[in-house]
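Given next are the chains, with one letter for each unit.
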Amino acid sequence: SMEQVKCMHDVLKTMKDNLAQIQDAVKQWDTPMIERAVKPTDTDEFERTFNSMKAAVFSKIKDTGKTIHASLQSTNKALRVSNASTDWKCYVEFVNSIVIGGLSTAIV
């Protein structure tokens, strides 16, 4: 009985830790994509600056995506559930809504 409680505690702790890690990763995206210049800049300079900042942000998001994927795999392994399970798909959809919210914040 106590072993089952410990097992469930470990599973829930893994789930909570992984979700917190995903939320922290998504919060890292909440930075402005472009800084407002003090003086007006010409179009070419603006595009060059914007494209370099955009590439950096997209690279950061892509790297964070790998971390999120690893956290989901860890959670799936702890739960010992099939990827085709309806409950697992609902959990992935929940995590997707957190990621989409973070992406929306990063873009706007």
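Shown above is the structure to which this text applies.
Conventions we followed
Residues numbered from 1 in each chain as written. Predicted model: local features only at pLDDT ≥ 70, side-chain atom pairs only at ≥ 80, totals over all residues. Heavy atoms only, no water. Helix = DSSP H or I, 4+ residues; strand = E, 2+ residues; numbered from the N terminus. Rg over C-alpha atoms; globule rule 2.2 N^0.38 Å. Buried < 20%, exposed > 50% of the residue type's maximum accessible area, 1.4 Å probe, protein only. Contact = heavy atoms within 4.5 Å. Lys, Arg positive; Asp, Glu negative; His and termini not counted. Charge placed at Lys NZ, Arg CZ, Asp CG, Glu CD. Salt bridge = Lys/Arg side-chain N within 4 Å of Asp/Glu carboxyl O. Phe/Tyr/Trp six-rings, centres within 6.5 Å; stacked < 30°, edge-to-face > 60°. Axes fitted to C-alpha atoms, helices over the stretch in contact; angles between N-to-C directions. Parallel < 35°, antiparallel > 145°, perpendicular 65-115°, else oblique. Left-handed = near helix turned anticlockwise from the far one by under 90°. Nonpolar A, V, L, I, M, F, W, Y, C, P; charged D, E, K, R; others polar.

Draft legend 1. Region of the structure containing the overall build of the protein. When helices and strands are counted, the protein shows 3 helices and 0 strands. Going from N to C terminus, the protein has its helices and strands arranged as α-α-α. In terms of C-alpha radius of gyration, the protein reaches 19 Å, well past the compact-globule figure of 13 Å for 108 residues. For the protein, the spread of C-alpha atoms along the principal axes amounts to about 70 × 25 × 20 Å. Within the protein, buried positions represent 23% of all 108 residues. For the protein, long-range pairs separated by at least 24 residues make up 72% of all intrachain contacts whose partners lie at least 6 apart in sequence. Taken as two groups, the 14 positive and 13 negative side-chain charges of the protein have centres that lie 4 Å from each other.

Draft legend 2. Main features of the pattern of salt bridges. Applying the stated criterion across every chain, the model contains 3 salt bridges. Note that Asp-17 and Lys-13 form a salt bridge whose closest N and O atoms lie 3.0 Å from each other. Of this pair, Asp-17 and Lys-13 both sit in helix α1 (residues 2–27), separated by 4 residues, roughly a single helical turn. A residue is classified by how much of its surface remains accessible, and Asp-17, at 40% relative accessible area, is partly exposed.

Draft legend 3. Just the environment of Glu-3, in detail. Mapped onto the secondary structure, Glu-3 falls in helix α1. With 72 residues separating them along the chain, Glu-3 and Thr-75 place their C-alpha atoms 20 Å apart.

Draft legend 4. Summary view of the packing of aromatic side chains. Scanning the model with the defined rule gives 3 aromatic pairs in all. Ring centres of Tyr-91 and Phe-94 lie 6.3 Å apart, and the angle between their planes is 45°; this geometry places the pair in the tilted category. Placement of the pair is Tyr-91 and Phe-94 together in helix α3 (residues 86–107), with a separation of 3 residues, close to one helical turn. Relative accessible area serves as the criterion here: at 14%, Tyr-91 is assigned to the buried category. Relative accessible area serves as the criterion here: at 40%, Phe-94 is assigned to the partly exposed category. What links up through ring pairs into an aromatic cluster is the set Trp-88, Tyr-91 and Phe-94.

Draft legend 5. Region of the structure containing the packing of α1 against α3. Interhelical geometry of α1 versus α3 gives an angle of 25° and a closest axis separation of 9 Å. Our classification of the angle between α1 and α3 gives roughly parallel. Between α1 and α3 lies a crossing whose hand is right-handed. Contacts from Met-15, Leu-19, Ile-22, Gln-23 and Val-26 in α1 reach Tyr-91, Phe-94, Val-95, Ile-98, Val-99 and Gly-102 in α3. For the contact of α1 with α3, the residue count by class is 9 nonpolar, 2 polar and no charged.

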